[in-house]
Amino acid sequence: MLRQRVITAIVLLALLLPALFYPDSSTPFAALTLVLMGAAAWEWARLCGLGDGAARIGAGALVVLLGLAWWRSDGVPLPAIAWVVATAAWTAGLAGVLARGIDAWGRWPRGLRLALGWLALALAWWALVRLHVLGVEVLLGVLLLVWVADIAAYFGGRAWGRRKLAPRISPGKSWEGALCGALAVLLLAAGWVTVAHVEGGGWTRGFYPRLWQGGALGAVLWLALLTGLSVAGDLFESLVKRQAGVKDSSGLLPGHGGVLDRIDALLPVLPAALAALAWQGGQG
């Protein structure tokens, strides 16, 4: 299993890193991540109970439509209000679904679950590419937020976790772990902003200095929301998988499960990051 994880991680990095740092164009990154989102769309359709053939057709259609929309619009950013609305919808939706639990999710009409999931993937991909257009430093800051929150929550939960966050959905997660994740994100942001102030250069173009342009209090509140959405996004996919009776969203990534298993926390965070930048004056 460890060998599979390492090999898969190396292959993914070999594909993603050249696209991520490709000079003067987001097209390679957009194309590669669109393929990954298509795979996630296929996984989501199967989790909703769609047959494999229909899931492939639906995911393929989504990829084509998104690619055409990006090409025809030449990557023109969506209005800031779109990201604010998406963030509000994610926040309310996750709170409602997680509060009602696994069984209630299964009673939602399959077509509605399918459409909402594909819409969420489409918005996440558009936000992902838009963040890349704003700068690799901006995108990496958002990705680091999710990764740091997850790692800190894991180790903090193992060390101090007592109160379960959602025992029926994910027994390993605790309130103490989530708090550790939030504190780690604040430290990450404070460290980045401090280095940007001292060193200048490319650091000043990152996500956190842009977020701080609108004031420290607003930045901290947005970071808290982003961290909460990261945790909730992870819990939501766990809920969906439990309702579907599967351990992983698929076996596309040997040793890692499926694409959705790797990006679940990012789905609500990516649109919210653009909403945060727009709100704080960081040009989302």
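Residues numbered from 1 in each chain as written. Predicted model: local features only at pLDDT ≥ 70, side-chain atom pairs only at ≥ 80, totals over all residues. Heavy atoms only, no water.

A.B. asks: Could you clarify how one ought to interpret the overall build of the chain in this entry?
C.D. replies: Looking only at helices and strands, the chain features 12 helices and 2 strands. Expressed as a percentage of the 284 residues in the chain, the buried residues total 48%. Restricting the contact set of the chain to residue pairs at least 6 apart, pairs at least 24 apart contribute 74%. Accessible surface, the chain: about 14000 Å² in total, of which carbon and sulfur atoms supply 68%. (Helix = DSSP H or I, 4+ residues; strand = E, 2+ residues; numbered from the N terminus. Buried < 20%, exposed > 50% of the residue type's maximum accessible area, 1.4 Å probe, protein only. Contact = heavy atoms within 4.5 Å. Areas by Shrake-Rupley, 256 points an atom, 1.4 Å probe, with all protein chains shown as cover.)

A.B. asks: Honestly, helix H2 (residues 27–47) in this entry has me stumped. Any pointers?
C.D. replies: In an α-helix, one turn spans 3.6 residues, which is why side chains three or four residues apart end up on the same side. Taking 1.5 Å of rise per residue, 21 residues should cover 30 Å, and H2 covers 30 Å from first to last C-alpha, within 8% of that figure. Looking at the residues trailing H2, positive phi occurs at glycine 49, about 95 degrees. (Expected span 1.5 Å × (residues − 1).)

A.B. asks: Would you take a moment to explain helix H4 (residues 80–100) for this structure?
C.D. replies: An ideal rise of 1.5 Å per residue puts 30 Å on 21 residues; H4 measures up with 31 Å between its terminal C-alpha atoms. Within H4, the full set of buried residues consists of Trp83, Ala86, Thr87, Trp90, Leu94, Gly96 and Val97. Tucked into the core, H4 has its buried residues touching helix H5 (102–106), helix H6 (110–134), helix H10 (216–244) and helix H12 (266–280). Count one or two residues on from H4 and you reach glycine 101, which has phi positive near 95 degrees.

A.B. asks: Would you mind going over the nonpolar core with me for this structure?
C.D. replies: Inside soluble globular proteins, nonpolar side chains tend to come together where they are buried. Grouped together as the largest cluster of nonpolar side chains are 83 residues, with contacts concentrated most on Trp44, Leu121, Trp125, Leu131, Phe207 and Leu223. At 13 residues, H6 tops the list of elements feeding residues into this core. Residue contacts for leucine 131: discarding those within four places in its chain leaves Val138, Leu139, Val142, Leu270, Ala273, Leu274 and Leu277. (Core = buried A, V, L, I, M, F, W, Y, C linked by side-chain atoms within 4.5 Å.)

A.B. asks: Before we go on, may I ask you to explain the pairing of strand E2 (residues 170–174) in this structure?
C.D. replies: Consecutive residues of a regular strand have side chains that alternate between opposite faces of the sheet. By the bridge criterion, 2 bridges tie strand E1 (residues 164–166) to E2 in an arrangement that is antiparallel. Paired with lysine 164 across the strands is serine 174, a residue of E2. Linking E1 back to E2 in an antiparallel pair, the connection comprises 3 residues. (Pairing = 2+ DSSP bridges.)

A.B. asks: What exactly am I supposed to notice about the packing of H10 against H12 here?
C.D. replies: How two helices pack is summed up by the angle between their axes together with the distance between the axes. Between H10 and H12, the least distance of the axes is 9 Å, while the angle of their chain directions is 170 degrees. Taken together, H10 and H12 sit at an angle that is classed as roughly antiparallel. Contacts between H10 and H12 involve Gly218, Ala219, Trp222, Leu226, Leu229, Ser230 and Gly233 from the former and Pro268, Val269, Ala272, Ala273, Ala275, Ala276, Trp279 and Gln280 from the latter. A breakdown of the residues in the contact of H10 with H12 according to their chemical character gives 11 nonpolar, 4 polar and no charged. (Axes fitted to C-alpha atoms, helices over the stretch in contact; angles between N-to-C directions. Parallel < 35°, antiparallel > 145°, perpendicular 65-115°, else oblique. Nonpolar A, V, L, I, M, F, W, Y, C, P; charged D, E, K, R; others polar.)

A.B. asks: Could you clarify how one ought to interpret the pattern of salt bridges in this entry?
C.D. replies: A pair can form between side chains of opposite charge whenever their charged atoms are brought close. On inspection of all chains with the given rule, the structure shows 7 salt bridges. The salt bridge involving glutamate 176 is made with arginine 163; its shortest N-O contact spans 3.2 Å. Taken together, the positions of glutamate 176 in helix H8 (residues 175–199) and arginine 163 in the loop between helix H7 (136–160) and E1 put the pair 13 residues apart, joining distant regions of the chain. Residue classification places glutamate 176 among the buried residues on the basis of a relative accessible area of 17%. For aspartate 234, the salt bridge goes to lysine 173, with nearest N and O atoms at 3.2 Å. Pair noted here: aspartate 234 is in helix H10 and lysine 173 is in strand E2, with a separation of 61 residues, a long-range link. A relative accessible area of 16% means that aspartate 234 is categorised as buried. (Salt bridge = Lys/Arg side-chain N within 4 Å of Asp/Glu carboxyl O.)

A.B. asks: How do you make sense of a nonpolar patch on the surface when you look at a structure like this?
C.D. replies: A surface patch of nonpolar side chains, amounting to about 340 Å² of accessible area, comprises Trp108, Leu112, Leu116 and Leu119. Mapped onto the fold, leucine 116 is located in helix H6. With relative accessibility at 39%, the residue leucine 116 sits in the partly exposed group. (Patch = residues over 30% accessible without salt bridge, like charges linked within 9 Å, V, L, I, M, F, W, Y side chains within 5 Å.)

By themselves, these figures tell us nothing about what the structure is for.
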